[in-house]
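This is what each chain is made of:
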Amino acid sequence: MIYPWQQTQWSLWLAQFERLGHAYLLTGTNGLGLTEFAQQMAQSLFCQSHTACGQCAGCHQFLEHTHVDFFQLDVLEGKKEVGVEQIRQLTQKLMQTSHQGGYKVAVLPEVERLNTSAFNALLKTLEEPPEKTLLILTSYQLERLPATIVSRCQQLAFNAPSMQDSQAWLLTQTNNEMDGARGKRALRLNWGAPLAALDWLNNQAWLQDEAWQTDIHDLVTQRKTPSDCASAWLKWPNPEAVFDQFYLLSVSAIRQALYQQQGVKTQWFGFQQQVLQAKRDWLGNANKELLLESLCLLYLALQSETSSPLPNIFSDSRIRGRC
Ligand SMILES: [Zn+2]
């Protein structure tokens, strides 16, 4: 399905059927529906009218998951990354003649999950693509992809819709029962991505959000240590959400200072950069407990009146681990 915020990209896609490339790379944050869009692109190639009409034989086969010329590459159960063998098998399938005489299409969601040898194998396929094949890659973290992969794809970027549009969409998805302030919070904590915000609401993640706010309060008032907080957050089903919490906290602090026409502590901007760096380290091979404790210490340092610049502790090799 095409979401309201994807209409521009959908028109762009439909407009270039005559000069189809071999590979496309869809980029944007998690929760904008990139995989669904990639699947819709695939469906339109199998569709007799190229519109993903949902009515023709090609659309039916695709929607019933029985189309023999469609492949989707996901991380295998129990694994953390896509391995080289998966790419080799996919390439072999793409080399074979299409069963229905049309295109063979492969969707590779979150392509940053490929390991190095898988990227190398994919690069070979992108350099010499088999006849009448289309590869559709998606990525939430463009900076983690090898430049050689990115340069061989046509890029299609997706942006989050406005707060107003997102809130209106969320209302339609929650039978108009969404609390306005909670909806805003859901969107802000999820970088404005409506699908991620909807998950946040459906999973009652505000309970986690409230627990985090209590932890931060207890941290500042010394009822809890950084270690207490870190071990509580590590038990979350999605501990990396802590970084989004800290980031939003810094945004709110800066906004509040601006509203009150006070000088914004320049350290807040440094803190934001460190939060983003810490999130990148987390996705690498960092010591997760140490990373969260360090973030607490940084936050505590910000609370004190010191005007000295924040130390850049996330470049410390003990925290970063051996990547
Ligand atoms: Zn159709």
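Presented here is a report on the structure given in the accompanying data block. Everything numeric here is computed off the predicted structure, so don't read it as measured data.

What counts, and at which threshold
- Residue positions within a chain follow its written sequence, with the count starting from 1.
- With the structure being a predicted model, the display of local features is reserved for residues of pLDDT at least 70 and the display and counting of side-chain atom pairs for 80 or more, all residues being used for whole-chain, interface and lining totals.
- As a convention, hydrogens and water are excluded, and side-chain values are obtained from all of the structure's heavy atoms.
- Segments assigned H or I by DSSP are reported as helices when at least four residues long, segments assigned E as strands when at least two residues long, and all are numbered from the N terminus.
- Between buried and exposed lies partly exposed: a residue is buried under 20% and exposed over 50% of the maximum accessible area for its type, with that area taken using a 1.4 Å probe on protein chains only.
- Every residue pair with non-hydrogen atoms within 4.5 Å of one another is taken to be in contact.
- Where accessible areas are quoted, they stem from the Shrake-Rupley method and a 1.4 Å probe; at the residue level, only the protein chains shown are allowed to cover.
- Positive charges are assigned to Lys and Arg, negative charges to Asp and Glu, while His and the chain termini are left out of the count.
- By convention, the charge on Lys lies at NZ, on Arg at CZ, on Asp at CG and on Glu at CD.
- Centre distance within 6.5 Å is the pairing criterion for rings of Phe, Tyr and Trp, where only the six-membered ring of Trp is used; planes under 30 degrees apart are then read as stacked, over 60 as edge-to-face, and the remainder as tilted.
- Here, the arc refers to the directions that run from the helix axis to the C-beta atoms.
- Listed donors are limited to N, O and S atoms within 2.8 Å of the metal, widened to 3.2 Å for Na, K and Ca; water is not among them, so incomplete-looking sites are possible.
- Geometry is assigned from the angles between donors: four donors with all angles from 85 to 135 degrees make a tetrahedral site, four or six donors whose opposite pairs exceed 155 degrees while the rest stay between 65 and 115 make square planar or octahedral sites respectively, and everything else is labelled irregular.
- In this scheme, strands are said to pair when DSSP sees at least two bridges between them.
- Lines fitted to the C-alpha atoms define the axes, with helices restricted to the stretch that makes contact. Angles between their N-to-C directions range from 0 to 180 degrees.

**Observations concerning the overall build of the chain**
Thinking step 1. Check the secondary structure of the chain and you find 15 helices and five strands.
Thinking step 2. Taking the principal axes of its C-alpha atoms as reference, the chain extends roughly 70 × 50 × 35 Å.
Thinking step 3. Among the 323 residues that make up the chain, the fraction classed as buried is 47%.
Thinking step 4. Counting contacts in the chain only where the partners sit at least 6 residues apart, residues at least 24 apart contribute 70% of the total.
Thinking step 5. Entry remark: accessible area of the chain is about 17,200 Å², with carbon and sulfur atoms responsible for 49%.
Thinking step 6. Of the side-chain charges in the chain, 26 are positive and 30 negative, and the distance between the mean point of each set is 4 Å.

**What to know about the packing of aromatic side chains**
Thinking step 1. Taken as a whole, this structure holds 19 aromatic pairs when the rule is applied.
Thinking step 2. When the ring of tryptophan 13 is compared with that of tyrosine 24, the centres are 5.3 Å apart and the planes differ by 90°; the resulting orientation is edge-to-face. In this pair, tryptophan 13 sits in helix 1 (residues 7-15) while tyrosine 24 sits in strand 1 (residues 23-27), placing the two residues 11 residues apart along the sequence.
Thinking step 3. You can call tryptophan 13 buried: its relative accessible area is 1%.
Thinking step 4. Summarising the aromatic geometry, the rings of tryptophan 212 and tryptophan 233 are spaced 6.5 Å apart at their centres and angled 35° between planes, so their arrangement reads as tilted. Taken together, the residues span a long stretch of sequence, with tryptophan 212 in helix 10 (residues 206-220) and tryptophan 233 in helix 11 (residues 226-234) at a distance of 21 residues.

**Details of helix 11**
Thinking step 1. Among the residues of helix 11, Pro226, Cys229, Ala230 and Trp233 are the ones counted as buried. Angularly, the buried residues of helix 11 cover 100° about the axis, an arc narrow enough to put them on a single face.

**Describing the coordination of the zinc ion**
Thinking step 1. All of the protein donors around the zinc ion are Cys47 (SG), Cys53 (SG), Cys56 (SG) and Cys59 (SG); their distances to the metal are 2.3 to 2.4 Å.
Thinking step 2. For the zinc ion, the four donor atoms in the first shell make angles of 105 to 117° at the metal, so the coordination geometry reads as tetrahedral.
Thinking step 3. Within one chain, the residues serving as donors to the zinc ion are arranged as C-x5-C-x2-C-x2-C.

**As for the sheet that holds strand 1**
Backbone-to-backbone hydrogen bonds join strands into a sheet, with any given pair of strands oriented parallel or antiparallel.
Thinking step 1. What the five strands build is an open sheet, ordered 2-3-4-1-5; its pairing is parallel. Either end of the sheet is taken by a strand with one partner, and the two such strands are strand 2 (70-72) and strand 5 (154-157). Strand after strand, the sheet turns through a mean of 15° between neighbouring axes, direction not considered.
Thinking step 2. Across four bridges, the pairing between strand 1 and strand 5 is parallel. Following the sheet pairing, leucine 26 is matched in strand 5 by leucine 156.
Thinking step 3. The sheet strands contacting helix 2 (residues 34-46) are strand 1, strand 2, strand 3 (104-108), strand 4 (133-139) and strand 5, and the helix crosses strand 4 at an angle near 165°.
Thinking step 4. Against the sheet, helix 5 (residues 116-127) touches strand 1, strand 3 and strand 4, its axis set at about 135° to strand 4.

**So, the side chain of serine 166**
Thinking step 1. Along the chain, serine 166 falls in helix 7 (residues 163-173).
Thinking step 2. Apart from residues no more than four positions distant in its own chain, serine 166 is found in contact with Pro161, Leu187, Gly192 and Pro194.

**A word on unusual backbone geometry**
Excluding glycine, residues mostly carry a negative phi; peptide bonds, for their part, are mostly trans.
Thinking step 1. Phi is positive for glutamate 110, close to 45°, though the residue is something other than glycine.
Thinking step 2. Looking at where glutamate 110 falls in the secondary structure, it is placed in the loop between strand 3 and helix 5.
Thinking step 3. Phi at tryptophan 191 is positive, roughly 55°, even though this residue is not glycine.
Thinking step 4. Position of tryptophan 191 among the secondary structure elements: in the loop between helix 8 (180-189) and helix 9 (194-202).
Thinking step 5. Of the residues examined, tryptophan 191 reaches a relative accessible area of 36% and is grouped as partly exposed.

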